[in-house]
Amino acid sequence: MLKISDNARFLVCEDGTPFFYLADTAWASFGNVPLELWEPYLRYRKMQGFNALQISILPIIHDRSVGPGLIEPFAQDEKGTYDFSQRNEAYFSKAEQMVQMAVDYGFVPVLGMVWCCYAVQRKEPNPNRMTVEEVWEFSTFAARRFAKYDPIFFISGDTPQHDDEEIELYRVALEATKGVCPDALYTMHIAGRIVLDERLIDGIDFYMYQSGHGANHQQASQKLAQQFQKLPQKPIVNGEPCYEGHGRMGTEDRNKFSAFDVRRATWQSLLAGASMGITYGAQGIWSGQVKGMRLMAQKRKFEAYDWEFAYQLEGSWDVGFAKWVFESFKLADIEPVDLVGNEDSEIVVAADAARTKIVAYAPYTTSIEFDIDLSGYTCSCINLNDRRIWMPPVRTGKRSVIELPQFNHDMLFIAIEK
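Overview of the structure. (Residues numbered from 1 in each chain as written. Predicted model: local features only at pLDDT ≥ 70, side-chain atom pairs only at ≥ 80, totals over all residues. Heavy atoms only, no water.)

Taken together, three strands build an open sheet; the order of strands is β1-β2-β3 and the sheet is antiparallel. The sheet terminates laterally at β1 (3–4) and β3 (18–19), the two strands that pair on one side only. (Pairing = 2+ DSSP bridges. Helix = DSSP H or I, 4+ residues; strand = E, 2+ residues; numbered from the N terminus.)

Dropping the structure here:
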């Protein structure tokens, strides 16, 4: 079972080894993905180095793929409203089987209890908003069902926290789940740029934010990491950066987020303070887009790739490489530092307390000026587009300069004291 490190900055295994959290967002898998497609997906993600899967126990009613083969967790009326008192055993039995398969492959299941669509009261009445009693009953049931798999629980999904009643539903879900699984780790999946309500902070073990899919808000990857560092110290993870293949929201630009966008969000999150790990997402995976289904949110005009293609998108290898870098260079203890002379907010830098390890990311090739003498360091620069390592010329002194790399892609600079 995973625990929080002594310095409350990352996760550790039972033997104290740092655990770099590398998750995939497979939110809608339980109701959408057949078992014959689940096993090859697990095998592929395992090969890439993923070690956690974020799944909502209940479907995201307003925002998933629908079509043939879909299984619902509850009985429904003609309008699609759930009867929470009539659970569909076929759904939960399949969900449990999928979690067992994931655990057998070595994944930590990260299970969502009450996505916001079951808690938010929007402008129009929400027929699927749970009552306090329904939240308590369901949370207790789900916790008992999945407890044997040692999951991490995220109590809320896309939490907008519009009103006190919504916050109370999350509080009740947290209390009920902890009553069954007191030793599990807990978090809340926070929506966009909204910070966690202070009434819920004490009950969770780490912070999970999403920098999201807005075309004009991608610096949220580092800004939110910085914002959460102002709260009581806990590990921080970007639990929903831009999804590869997802449309750029808030713009007429039809280009989809690429592997480069994923790398930028990954490294800017990790080096800005969200160093617990990173979560990846692909258009078609998060919504459970099995061939023949359609994405409900057609108004976004974002077509979803089929499941079998989506999990092979190139950016998933880039986040696996980020995990390899963190583990190989033992970077679990790095924190954001101000060591760069360049006046550029896109360049982020982190180091350990003794400055024996310094890591910098830039989303383009550039020379970098450091306010530190690097003459006693071994320096390397990685072209992240093709993961080639370049040994850069370094002008050392009181201020050291990494000369312009001879490639034209985003770059990661690593200096290790000899």
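Applying the stated criterion across every chain, the model contains 28 salt bridges. Here Arg145 ties to Glu96 by a salt bridge, and the two come within 2.7 Å at their closest N and O atoms. Taken together, the positions of Arg145 in helix α4 (residues 132–146) and Glu96 in helix α3 (residues 89–104) put the pair 49 residues apart, joining distant regions of the chain. Each member of the pair, Arg145 as well as Glu96, carries the same accessibility label: buried. Residues Lys291 and Asp306 are paired through a salt bridge, measuring 2.9 Å at the closest nitrogen-oxygen approach. (Salt bridge = Lys/Arg side-chain N within 4 Å of Asp/Glu carboxyl O. Buried < 20%, exposed > 50% of the residue type's maximum accessible area, 1.4 Å probe, protein only.)

A separate point is the packing of aromatic side chains. According to the stated counting rule, one finds 32 aromatic pairs in the structure shown. Between Tyr82 and Phe84, the aromatic rings sit 6.1 Å apart at their centres with planes inclined by 65 degrees, giving edge-to-face as the arrangement. Among the aromatic side chains, those forming a connected cluster through ring pairs are Phe74, Tyr82, Phe84, Tyr91, Phe92, Tyr118, Phe138 and Phe141. In this arrangement the basic side chain of Arg45 is found over the ring face of Phe50, its NZ or CZ atom lying 4.9 Å from the centre. Its guanidinium or amino end placed over the ring of Phe141, Arg87 lies 3.8 Å from that ring's centre, counting from NZ or CZ. (Phe/Tyr/Trp six-rings, centres within 6.5 Å; stacked < 30°, edge-to-face > 60°. Lys NZ or Arg CZ within 6 Å of the ring centre and 35° of its normal.)

Another aspect to go through is helix α6 (residues 220–228). Among all positions of α6, only Ala220, Ser221, Gln222, Leu224, Ala225 and Phe228 are buried. Where α6 is buried, its residues contact β12 (207–209), β13 (236–238), α7 (259–272) and β17 (348–351). (Contact = heavy atoms within 4.5 Å.)

Once that is clear, we can look at the nonpolar core. Membership of the largest hydrophobic core comes to 120 residues, with the highest contact counts inside it found for Tyr21, Trp38, Tyr118, Phe138, Trp267 and Leu412. A per-element tally of this core places α3 first, with seven residues. For Tyr118, the residues in contact, after removing those within four places along its chain, are Leu58, Pro59, Ile61, Tyr82, Phe84, Asn128, Arg129, Met130 and Leu169. Counting residues in each nonpolar core, the second largest holds 22 residues, with Leu339, Ala351, Leu374 and Ile402 among its members. (Core = buried A, V, L, I, M, F, W, Y, C linked by side-chain atoms within 4.5 Å.)

Structurally, the position occupied by Ser139 is in helix α4. We classify Ser139 as buried; its relative accessible area is 0%. At a separation of 2.8 Å, a polar atom in the side chain of Ser139 contacts the main-chain carbonyl oxygen of Val135. What Ser139 contacts, discounting residues up to four positions off in sequence, is Met113, Val114, Ala173, Ala176 and Thr177. (Polar contact = N/O pair within 3.5 Å; in protein donor to acceptor, adjacent residues only side chain to side chain.)

As a further point, take the packing of helix α2 (residues 35–48) against helix α9 (residues 315–328). At a minimum axis distance of 9 Å, the contact between α2 and α9 shows a crossing angle of 45 degrees. When the axis of α2 is compared with that of α9, the two are oblique. The segment α2 lies against α9, with Tyr44, Arg45, Met47 and Gln48 engaging Ser316, Trp317 and Gly320. (Axes fitted to C-alpha atoms, helices over the stretch in contact; angles between N-to-C directions. Parallel < 35°, antiparallel > 145°, perpendicular 65-115°, else oblique.)

Once that is clear, we can look at unusual backbone geometry. Non-glycine residue Lys330 carries a positive phi angle of around 50 degrees. Relative to the elements of secondary structure, Lys330 occurs in the loop between α9 and β16 (335–336). In this structure, Arg387 takes a positive phi of about 60 degrees despite not being glycine. On the secondary structure map, Arg387 appears in the loop between β20 (377–383) and β21 (388–390). Given the relative accessible area of 27%, Arg387 is considered partly exposed.

Here we take up the pairing of β17. Remark: a regular strand shows side chains that alternate across the two faces of the sheet. The alternating pattern of β17 places Val348 and Ala350 and Val349 and Ala351 on opposite faces, both of which are buried. Both β16 and β17 contribute to a ladder of two bridges, which runs antiparallel. Residue pairing for β17: Glu335 is matched across the bridge by Ala351. If you look at the hairpin formed by β17 and strand β18 (residues 357–362), you'll find five residues sitting between the two strands, and Arg355 has a positive phi there, around 60 degrees.

Within the secondary structure, Glu314 sits in the loop between α8 (307–310) and α9. Each C-alpha atom, one on Glu314 and one on Ala259, is 6.1 Å from the other, the two residues being 55 residues apart in sequence. Dropping the residues within four chain positions of it, Glu314 is found in contact with Glu244, Ala259 and Arg387. Of note is the side chain of Glu314, whose polar atom sits 3.2 Å from the side chain of Arg387.

Okay, the sheet that holds strand β19 (residues 368–370) next. An order of β19-β23-β22 is seen for the three strands of this open sheet, with the pairing classed as antiparallel. The open sheet terminates on both sides in strands that have one partner only, identified here as β19 and β22 (394–395). Sheet analysis places β19 next to strand β23 (residues 400–402), joined by three bridges and oriented antiparallel. Counted as the bridge partner of Glu369 is Val401 from β23.

Let's shift gears to the packing of α6 against α7. In the contact formed by α6 and α7, the axes pass within 8 Å of each other and the chain directions differ by 20 degrees. Accordingly, the angle class assigned to the pair α6 and α7 is roughly parallel. Note on packing geometry: the crossing formed by α6 with α7 is right-handed. Within the contact between the two elements, α6 uses Ser221, Gln222, Ala225 and Gln226 and α7 uses Ala265, Gln268, Ser269 and Ala272. Classifying every residue of the contact of α6 with α7 by side-chain character gives three nonpolar, five polar and no charged. (Left-handed = near helix turned anticlockwise from the far one by under 90°. Nonpolar A, V, L, I, M, F, W, Y, C, P; charged D, E, K, R; others polar.)

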